Amino acid sequence: MNDLDVSKQIQQMVRFIRQEAEEKANEISVSAEEEFNIEKLQLVEAEKKKIRQDYEKKEKQADVRKKIDYSMQLNASRIKVLQAQDDIVNAMKDQAAKDLLNVSGDEDAYKQLLKDLIVQCLLRLKEPSVLLRCREEDLGLVESILEDAKEEYAGKANVHAPEVAVDTTIFLPPPPTSDDSHGPHCSGGVVLASRDGKIVCENTLDARLDVAFRMKLPVIRRALFGQVAA
């Protein structure tokens, strides 16, 4: 083999190696580009997922805030409604309390009422000896009907007439005045107690109003406002 043949053979080998290198380089380039595209796609998808998660989180937070705001507004509205209802009911009670002041204006009717209240207290106490307190202005009326009240109680309870001592030193408060409408006051009635003071029967008009109002409050509310849903 001469030098020319050797040279041709070497050139062929060089071309073959170069071609093989170029093909390998192309393969590496294509593979690198594919890997880059895959990694880029993964990064894009990961970022999209993060954005979606952030949006969903913020959407849920906004929904929770919206529900909280609605609940707070609803509760505030309910409180306002309940407060308005309480104001109406309390105004009714205040008016009823004012009307009680007129009860003692009819002396005959009030005298009968005082007797009934005393008899009721005696029946509750069932004591042989009791202390009675009334308003100072009612003292004369109470003394005038006390014997009748004792006899009526004795007949109903089938016992001897009790001893009833009328307290002439400590009286129930007077009726309220325009100058002092919030101080201690009494619209009428009596308070009876056992001699040791352990058992007390408060039968004033004000106490009876409080009891009646408390017992009838659900009925009053239904009559005024209907059945309110919870």
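From a predicted model like this one, the values you see are computed outputs, not experimental measurements.

Rules behind the numbers
- Sequence order sets the numbering: in each chain, residues are counted from 1 along the sequence as written.
- Residues qualify for local features only when their pLDDT is at least 70, as the model is predicted, and side-chain atom pairs are given and counted only at 80 or more; totals for whole chains, interfaces and linings, by contrast, use all residues.
- Hydrogens and water molecules were not included; the side-chain quantities draw on all heavy atoms of the structure.
- Secondary structure counts use DSSP, requiring at least four H or I residues in a row for a helix and at least two E residues in a row for a strand, with both numbered from the N terminus.
- For every residue, the accessible area (1.4 Å probe, protein chains only) is compared with the maximum for its type, and the residue is labelled buried under 20%, exposed over 50%, or partly exposed between those bounds.
- Note on terminology: a nonpolar core comprises buried Ala, Val, Leu, Ile, Met, Phe, Trp, Tyr and Cys residues joined through side-chain atoms within 4.5 Å.
- Contacts between residues were defined by any pair of non-hydrogen atoms, one from each residue, lying within 4.5 Å.
- Strand pairing is assigned whenever DSSP detects at least two bridges linking the two strands.
- By definition, the crossover connecting two strands over a helix is right-handed if that path, from the first strand to the second, turns clockwise as seen with the strands pointing away from the viewer.
- Working convention: axes come from line fits to C-alpha atoms, limited for helices to the stretch in contact. Angles between N-to-C directions cover 0 to 180 degrees.
- Roughly parallel here means an angle under 35 degrees, roughly antiparallel means over 145, roughly perpendicular means 65 to 115, and every remaining angle is called oblique.
- Handedness of each helix crossing follows the sense of rotation of the near helix against the far helix: counterclockwise by less than a right angle gives left-handed, clockwise gives right-handed.
- Charged residues are taken to be Asp, Glu, Lys and Arg, nonpolar residues to be Ala, Val, Leu, Ile, Met, Phe, Trp, Tyr, Cys and Pro, and polar residues to be all remaining types, Gly included.

1. Re the environment of Val14
Stage number 1. By the element assignment, Val14 lies in helix α1 (residues 3–100).
Stage number 2. On the basis of relative accessibility, which here comes to 39%, the residue Val14 falls in the partly exposed class.
Stage number 3. Between the alpha carbons of Val14 and Pro162 there is a distance of 142 Å; along the sequence they are 148 residues apart.

2. Some points on the nonpolar core
Stage number 1. Membership of the largest hydrophobic core comes to 25 residues, with the highest contact counts inside it found for Leu114, Ile118, Leu122, Leu132, Val142, Val190 and Leu192.
Stage number 2. Put simply, the parts of the chain that give this core at least two residues each are α2 (107–125), β1 (129–134), α3 (139–157), β3 (189–194) and α4 (205–225).
Stage number 3. Broken down by element, the residue count for this core peaks at eight residues, all from α2.
Stage number 4. When neighbours within four sequence positions are excluded, Leu122 is seen to be in contact with Val130, Ala149, Lys150, Tyr153, Pro162, Val164 and Leu192.

3. Comments concerning unusual backbone geometry
Stage number 1. The residue Lys126 is not glycine, and still its phi comes out positive at about 50 degrees.
Stage number 2. In this fold, Lys126 is placed in the loop between α2 and β1.

4. Here's the deal with the environment of Ser187
Stage number 1. Along the chain, the position of Ser187 falls in the loop between β2 (163–166) and β3.
Stage number 2. Given the relative accessible area of 2%, Ser187 is considered buried.
Stage number 3. Between the C-alpha atom of Ser187 and that of Lys98, which follows or precedes it by 89 residues, the distance is 8.7 Å.
Stage number 4. Discounting residues that sit within four places of it in the chain, Ser187 has contacts with Ala97, Leu100, Leu101, Arg135, Leu205 and Asp206.

5. Structural notes on the pairing of β2
Stage number 1. With four bridges joining them, β1 and β2 adopt parallel strand pairing. Its bridge partner being in β2, Leu132 is matched across the sheet by Val166.
Stage number 2. Traced from β1 through α3 to β2, the parallel crossover comes out right-handed.

6. Considerations on the packing of α1 against α4
Any two packed helices are characterised by how steeply their axes cross, that is the angle between the axes, and by the distance between the axes.
Stage number 1. Packing of α1 against α4 leaves a shortest axis separation of 11 Å and a crossing angle of 140 degrees. With respect to α4, the element α1 is oriented oblique. Crossing of α1 against α4: the hand is right-handed. Residues Gln85, Asp86, Ile88, Val89, Met92, Lys93, Ala96, Ala97 and Leu100 of α1 form the contact with α4, whose own contacting residues are Leu205, Asp206, Leu209, Asp210, Phe213, Leu217, Ile220, Arg221, Leu224 and Phe225.
Stage number 2. Grouping the amino acids of the contact of α1 with α4 by side-chain chemistry returns 13 nonpolar, one polar and five charged.

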